[in-house]
Amino acid sequence: MSLTADDRLAIHEVIALHGHLSDAGTYERFGEVFTPDLVVDATALGLAPLPSPDRSRPRIDMYIAAAHRHGPDGPLAHHVTNVIVREDGDGARAWSKGIALNQDGSVASFTYEDQLVRTSQGWRIRHRKVSARREAARGVEPLVLPEETADEQ
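Described below are features of the structure shown in this document. (Residues numbered from 1 in each chain as written. Predicted model: local features only at pLDDT ≥ 70, side-chain atom pairs only at ≥ 80, totals over all residues. Heavy atoms only, no water.)

Points about the environment of Val-117
Keep this limit in mind: Where helices and strands are cited, they refer to DSSP runs of H or I of at least four residues and of E of at least two residues respectively, numbered from the N terminus. Contacts are assigned to residue pairs with any non-hydrogen atoms lying within 4.5 Å of each other.
Take Val-117: it is sitting in strand E4 (residues 107-119). Among all residues touching Val-117, those that are not within four sequence positions of it are Thr-35, Gly-122, Trp-123, Arg-124 and Arg-126.

Below you can see the structure in the form of C-alpha cells.
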C-alpha cells in the first residue's frame, strides 16, 4: 500500500482531532479518532494500562470513561505538532509531539507513537504509546521502516 497525500492529510487531521475533542470535553466522539480495540500505553507517564474490558464492550469505552474521570482536572489545552507519517504494511505509523497546558500554568511535553489503520470511516489510531519528554536529547526517534530503506538504495 502506498500512502497518498490525501491519506497523509487525513492522518494529520485525525491526530489533531484528539486534542480538539479532549479540550471540548466531547469524549464520546473519540470513535472518530480511535478504533474500538484501541490500546493506549502511557506507562512512561506513570499511568497504569486500562483494564481489559468486558468482551461485550469495546476497549475504547474504557478510554472514554478514563477521560471523563480526568476531564475536570485535566489540561486546559492539548496541542500536537511535528507529525511524521510513514507507511507500515496495510496501515501507517505516525510520530508527533504533544504539548499540554495545565491548569496551574505548567506545560508538559510528550511524544505520541501511533499505529493507524484505514477503516470504512477513515483513518483511525489503533495503538498509541505516549512517552514523557523530561530530558533534553533523550526523545523518541522515528523508526526507519523497511520500505524506506529499500527506496533509498
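That was the structure; now back to the text.
Section: helix H1 (residues 5-24)
The condition is simple: The span one expects for a helix is its residue count, reduced by one, times 1.5 Å. Only protein chains enter the accessibility calculation, which uses a 1.4 Å probe; a residue is then buried when its area is under 20% of its type maximum, exposed when over 50%, and partly exposed in between. Polar contact is the term for a pair of N or O atoms within 3.5 Å; when the atoms are in protein, one must be able to donate a hydrogen and the other to accept it, and sequence-neighboring residues count only if both atoms are side-chain atoms.
Along its 20 residues, H1 runs 28 Å from first to last C-alpha, staying within 8% of the 28 Å computed at 1.5 Å per residue. The complete set of buried residues in H1 reads Asp-7, Ile-11, Val-14, Ile-15, His-18, Gly-19, Leu-21 and Ser-22. Those residues of H1 that are buried lie in contact with strand E1 (34-41), helix H2 (59-70), strand E2 (77-88), strand E3 (91-101), E4 and strand E5 (122-132). Capping of H1 at its N-terminal end is provided by Thr-4; its side-chain oxygen lies 3.3 Å from the backbone amide nitrogen of Asp-6. Residue Gly-25 follows H1 closely and has a positive phi angle near 70°.

Quick look at unusual backbone geometry
Of note in the backbone geometry, Asn-82 takes a positive phi value of approximately 55° without being a glycine. Looking at the element boundaries, Asn-82 is found in strand E2.

What to know about the pattern of salt bridges
Quick note on the threshold: For this analysis, a salt bridge means a side-chain nitrogen from Lys or Arg found within 4 Å of a carboxyl oxygen belonging to Asp or Glu.
Going through the model one piece at a time under the given rule, you end up with four salt bridges. Here Asp-37 makes a salt bridge to Arg-126, at a shortest N to O gap of 3.4 Å. Remark: Arg-126 occurs in strand E5 and Asp-37 occurs in strand E1; sequence separation between them is 89 residues. On the basis of relative accessible area, Asp-37 is assigned to the partly exposed category, the value being 38%. Linking Arg-128 and Asp-114 is a salt bridge whose minimum nitrogen-to-oxygen distance equals 2.7 Å. Placement of Arg-128 in strand E5 and of Asp-114 in strand E4 is noted, with a sequence separation of 14 residues between them. Comparing Arg-128 with Asp-114 shows no difference in burial state: the two are buried.

Comments concerning the sheet that holds E4
Worth spelling out the cut-off: Being paired, for any two strands, means DSSP has found at least two bridges between them. Each axis is a line fitted through C-alpha atoms, and for a helix only the stretch in contact is used; angles between axes span 0 to 180 degrees, taken between their N-to-C directions.
As summarised here, the arrangement of the five strands in space is E1-E5-E4-E3-E2, forming an open sheet in which the pairing is mixed. Each edge of the open sheet is held by one strand with a lone partner, namely E1 and E2. Across this sheet, the average inter-strand angle for adjacent strands is 20°, counted without regard to direction. Judged from the four bridges that link them, E1 and E5 form a sheet pairing that is parallel. Bridge pairing in E5 links Val-40 to Arg-128. Packed onto the sheet, H1 meets E1, E2, E3, E4 and E5 and runs at close to 155° relative to E2.

Fair warning: the whole summary comes from geometry, so function is off the table for now.
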